[in-house]
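Take a look at the letters that make up each chain.
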2 protein chains.
Amino acid sequence: MKDLNIGLFGFGTVGTGIYKVLERTRNTHASIRRICVRSLAKKRSVDVPSDILTDNPDDIFSDTAIDLVVEVIDDAEASYRIVSEALRRGLPVVSGNKAMIARHLPELIELQRRHNTALLYDASACGSIPVIRNLEEYYDNDLLLEVKGILNGSSNYILSRVFDHGEDYAEALAKAQRLGFAEADPSFDIKGFDSLFKLVIITIHALGVYVNPADVFAYGIASISDFDIRYAREKGAKIKLVAQVVKLDDDRFTLFVMPEFVVPGKYIYSVDDEYNGVVIRGECYDRQFMFGKGAGSLPTASSILSDVTARHHDYRYEYKKMSYDQRPVYTDDVTLRVYIRHREQTLPDGVVFTKITESYVSENGCYTVGDISLATLRANRTLLDNPDIFICNFPRFFLDLD
Amino acid sequence: MKDLNIGLFGFGTVGTGIYKVLERTRNTHASIRRICVRSLAKKRSVDVPSDILTDNPDDIFSDTAIDLVVEVIDDAEASYRIVSEALRRGLPVVSGNKAMIARHLPELIELQRRHNTALLYDASACGSIPVIRNLEEYYDNDLLLEVKGILNGSSNYILSRVFDHGEDYAEALAKAQRLGFAEADPSFDIKGFDSLFKLVIITIHALGVYVNPADVFAYGIASISDFDIRYAREKGAKIKLVAQVVKLDDDRFTLFVMPEFVVPGKYIYSVDDEYNGVVIRGECYDRQFMFGKGAGSLPTASSILSDVTARHHDYRYEYKKMSYDQRPVYTDDVTLRVYIRHREQTLPDGVVFTKITESYVSENGCYTVGDISLATLRANRTLLDNPDIFICNFPRFFLDLD
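Residues numbered from 1 in each chain as written. Chains lettered and ligands numbered in written order. Predicted model: local features only at pLDDT ≥ 70, side-chain atom pairs only at ≥ 80, totals over all residues. Heavy atoms only, no water.

(A) Examining the overall build of chain A more closely. Looking only at helices and strands, chain A features 12 helices and 17 strands. By the compact-globule yardstick of 21 Å for 402 residues, chain A fits well, its C-alpha radius of gyration being 22 Å. Taken over 402 residues, chain A has a buried fraction of 63%. As displayed, chain A has an accessible area near 15200 Å², and 47% of this comes from carbon and sulfur atoms. Of note, chain A has its 47 positive side-chain charges centred 3 Å away from the centre of its 58 negative side-chain charges. (Helix = DSSP H or I, 4+ residues; strand = E, 2+ residues; numbered from the N terminus. Rg over C-alpha atoms; globule rule 2.2 N^0.38 Å. Buried < 20%, exposed > 50% of the residue type's maximum accessible area, 1.4 Å probe, protein only. Areas by Shrake-Rupley, 256 points an atom, 1.4 Å probe, with all protein chains shown as cover. Lys, Arg positive; Asp, Glu negative; His and termini not counted. Charge placed at Lys NZ, Arg CZ, Asp CG, Glu CD.)

Given below as C-alpha cells:
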C-alpha cells in the first residue's frame, strides 16, 4: 500500500495537533504534503518547512500527488466550499467541521456517490470517541433504540465547575474560556448548537434518517441561574446538557438537545469536566457506554488520524441504514416533563403545559413543572431565548423508562 | 445485496439468542437455513421447524446455498474442527469461542489468507462491547499504550456480590451459578482462563502480536478469602479480576491476568455485576472507556449478529498491525507490586520478592507486600494454585502511572 499524501486545510489547534501526532507515529503511512492557511504571516506554534505552507487552495487541489484532503478550519462556510470542491474533484476528504456537515449532509452524501469518493468525519462528533463508525458498522441492525449523551465538552466543563466545585456560572464560563475549552464567543457551545450538529450527524448513522438542524429543538445552558442550580441540588441531581435521539416505536423517533436533571447511578452522571460520554441502548445489548475526551487538540487530531488511516484502506461510510426498507420517521409529537423557571410575566402565552405537577411563585423567581409537548416548545423556541427563562428536562418521562 | 443464508452450529444459550434476535430484526438480510446440534432428541426452549435441525455437519458444509457459518458451541475442540473445516472450504465463519480462537489464532489467520475467506469473532471478547473491531479499525495507529479491563462477567458478578453486597464468596459463587452467570464448573471463569483467552485475542488486534496463552501469567479469584477481602476493604479498595496488555516502551509490552486492588475514581471501579468494562489508553486521546454487558444470551447474540451484518458487506479483519515494520516484543521482565497472602510454610521457595514493603504474620494468615518480577510469578505458576495462597496486584506500580 502506498503512503497517503495529505493536503491539509487549517493549521490551528487541531491542525497543529495532527502535525504533531503524525511526527510521533511510526506506522501511519501518511504525511502532510501541503498546508493551506488563511494567513502566511501568522506566527505558528510549530515549526514547519516554509515551502509546505500556502494560502492558495489551488496549490492543494491541482497537486496531483495529493490523494487526501484533511479539512480542519473553523469557518463553516469556507469549510463547505473546500470540502465540496474536493469531492467534486473526486478527492477523498476527512473533516471535523460538525456545523458544516450537519447542515449539508444530504448534498455531501450525494457528492460522494456521484464522484465515487469518500468523506469521513468521525472527529466531528465526540472527538476521540468512535461513535459514528460504531453506529455505522457495529450497531447496524434495527434494534438500536436510543443514543443519548453529553456531546459538548465546553458546557460540560462549565456545569462540572458549578455542580462539583461550587463555582458560580459566570466564574466557570470565564475559566473555561481561559483554558481554551470554550470559544471567545461561547454561544455555539452553551446555546446547544454544537451538541445539535453532532446529534444530527449521529442520527443519520444511528437510524439512517437526516433531520435538518433547523427542525430540531435545541436549548442550552446560557440562561441557567443559581435558582435552577439550587433546585437541582435539592433534588439530588446535577444538570447536564444532554443530546438524545430516541425511537418511540418501530415507526417514529424524536430528537432534541436540552439541559436535563441527571441523578447518581446514571452513566452520564459521572461524565465530568471536558469529557464526553455516550450511551447507546439497544433491544438486545441493553446499554453500552462510551466515554472519552471530547475535545482538545490531540484527542481530536487522533480521531482525524483514525479516519486518515481508514482511508488508507479505502474505507467509506456506506450509509447502509438510509437504504433500509422501513425507516422510522421524525416526530416532535411527544410529551416531555420539564421544569421551566420564569417570572410571572415572562412565560410566553403559547407555552402551555398539558398538565402541571408543581408550581412555585416567589419574588426570587417562579417555576412550573409539568408535561408539555416538544412541538409546543419548538413553536415557541425564539421566545424562550430569555435570561429570565430556563428549561430543564426530567429524563425518560415520555418513555416510562428509568 | 443478497440475503445471507446461515448454517448455525450450536443451539444452546447463544444459538437460541441468535434465532430470537433474527426473528425480531427487520433489516438484517440474513436467515438461518440449517442448525447443526449434537442431539436431535434434546428438548429446545425455542420452536424451530424440525427440518432445519440436523446432527450432521455435512448437511451444512455441503449445502451450496449456505454462505456463512456461525459457530456458537461450547466445546473448543469441536469448535476448532468445524471452524477450520469451514475456512478450508472457503466458507466465511463467525465464531464466539474464545478458547479455540486464542489457542489457534495464527493457524486461523493463515487459513483465512490461504482460502481467501474471513473469520470474525467480535463476540469472543467482551460480548456486546465492540472492542476487537475498534482496536482493528479505529485505534490503528501505533500510539496505543494499553488495553485494560474486566473481561469476565461471572467472576465480576461474584466479586460484586462480595464487595457491594457483603455476601461471602461461596454464597456469591452459588448465586452466580443459579443465575447462569457461572458454569457448573466455574474454573474457566474464576481461574482467569476466560479473561486470558480474551486478552490474547485483544492483544493481536491491539499490538499486532500473537502471544500463546500458555506463555501468559493468568491468576484468578478461586482462592480469595475473607482475609483478603478485609485487607482490600481496609485500603478502601475493591478487588477486581483485571486483564491487561501494556506497552512498556516503543519496543516492549507485557500482559497478564490478575486480581487487582481497584480504588474509587478508577473507571473500572464502577464496573459491577455481570458487566464488562475496557479502558483503552493512547498517547493522544488519553483514556477511553467502553462499558456494557459482557455475557448473556441476547447481548452475545447481538454481537454475533453485528459480525453477520459485517459479512453482508464482506468485512474481514485485515490484521493490519501484524504487518507493521516495528512491532513491540512480549516480555515478562517487569516488576509488579503485589500482595500475597500465604501461610508461613506455603509460599514456594522460588517466589522471591526483590523488595518487601509490608509483611504481616498471624495465626489467621500472613501476607507479604512487595516487588516481584512477573517472570518469577510465571516460573512458579503451578505452585501458586493453592487455597492457602492469594495474589493481588497493586496497579500501575511498574509504570509509575496513576
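(B) Spotlight on the relation of the copies chain A and chain B. Each copy superposes on the other: chain A lies on chain B with an RMSD of 0.0 Å after a rotation of 180° and an axial shift of 0.0 Å. Read as a symmetry element, the transformation amounts to a two-fold axis. Of the C-alpha atoms belonging to chain A, the one lying closest to the rotation axis is found on Met-290 of chain A, 2.3 Å away. Interface residue correspondence from chain A to chain B reaches 100%, placing this contact among same-surface, isologous pairings. (Least-squares fit on C-alpha atoms with pLDDT ≥ 70 in both. Contact = heavy atoms within 4.5 Å.)

(C) Spatial organisation of the packing of aromatic side chains. According to the stated counting rule, one finds 44 aromatic pairs over all chains in the structure shown. Here a set of aromatic residues connected by ring pairs shows up, and it is made of Tyr-267, Tyr-275, Phe-289 and Phe-291 of chain A together with Tyr-267, Tyr-275, Phe-289 and Phe-291 of chain B. Cation over ring: Lys-238 of chain A sits above Tyr-269 of chain A, and NZ or CZ is 4.2 Å from the ring centre. (Phe/Tyr/Trp six-rings, centres within 6.5 Å; stacked < 30°, edge-to-face > 60°. Lys NZ or Arg CZ within 6 Å of the ring centre and 35° of its normal.)

(D) Up close: the environment of Lys-191 of chain A. All names here are of chain A. By the secondary structure assignment, Lys-191 is in the loop between α8 (187–190) and α9 (193–207). Given the relative accessible area of 31%, Lys-191 is considered partly exposed. With 28 residues separating them along the chain, Lys-191 and Tyr-219 place their C-alpha atoms 6.0 Å apart. Dropping the residues within four chain positions of it, Lys-191 is found in contact with Ala-218, Tyr-219, Gly-220 and Ala-222.

(E) Summary view of the interface of chain A and chain B. Listed per partner, the contact involves 47 residues of chain A and 47 residues of chain B. Of the roughly 4400 Å² buried at the junction of chain A and chain B (both faces included), carbon and sulfur atoms supply 45%. At the junction of chain A and chain B, the tally comes to 0 salt bridges. Summed over the shared surface of chain A and chain B, the number is 5 residue pairs in polar contact (both at pLDDT 80 or more). (Buried area = accessible area lost by both parts, 1.4 Å probe. Salt bridge = Lys/Arg side-chain N within 4 Å of Asp/Glu carboxyl O. Polar contact = N/O pair within 3.5 Å; in protein donor to acceptor, adjacent residues only side chain to side chain.)

(F) Highlighting the packing of helix α4 (residues 98–114) of chain A against α9 of chain A. All names here are of chain A. For the pair α4 and α9, interaxial distance at closest approach is 7 Å and the crossing angle is 30°. Between α4 and α9, the interaxial angle falls into the category roughly parallel. You can see that α4 and α9 cross each other, and the crossing is left-handed. Contacts between α4 and α9 involve Lys-98, Ala-99, Ile-101, Ala-102, Arg-103, Leu-105 and Ile-109 from the first element and Asp-194, Phe-197, Lys-198, Val-200, Ile-201 and Ile-204 from the second. (Axes fitted to C-alpha atoms, helices over the stretch in contact; angles between N-to-C directions. Parallel < 35°, antiparallel > 145°, perpendicular 65-115°, else oblique. Left-handed = near helix turned anticlockwise from the far one by under 90°.)

(G) Spatial organisation of the sheet that holds strand β6 (residues 119–120) of chain B. Residues and elements named next belong to chain B. Read across the open sheet, the 6 strands follow the order β3-β2-β1-β4-β5-β6; overall the sheet is parallel. What marks the edges here is a single partner per strand, and that holds for β3 (53–54) and β6. Relative to strand β4 (residues 68–71), strand β1 (residues 4–9) runs parallel, the two sharing 4 bridges. Counterpart to Ile-6 in the pairing with β4 is Leu-68. Helix α11 (residues 297–312) rests against β1, β2 (30–36), β4, β5 (93–95) and β6 of the sheet, and its axis sits at about 165° to β5. (Pairing = 2+ DSSP bridges.)

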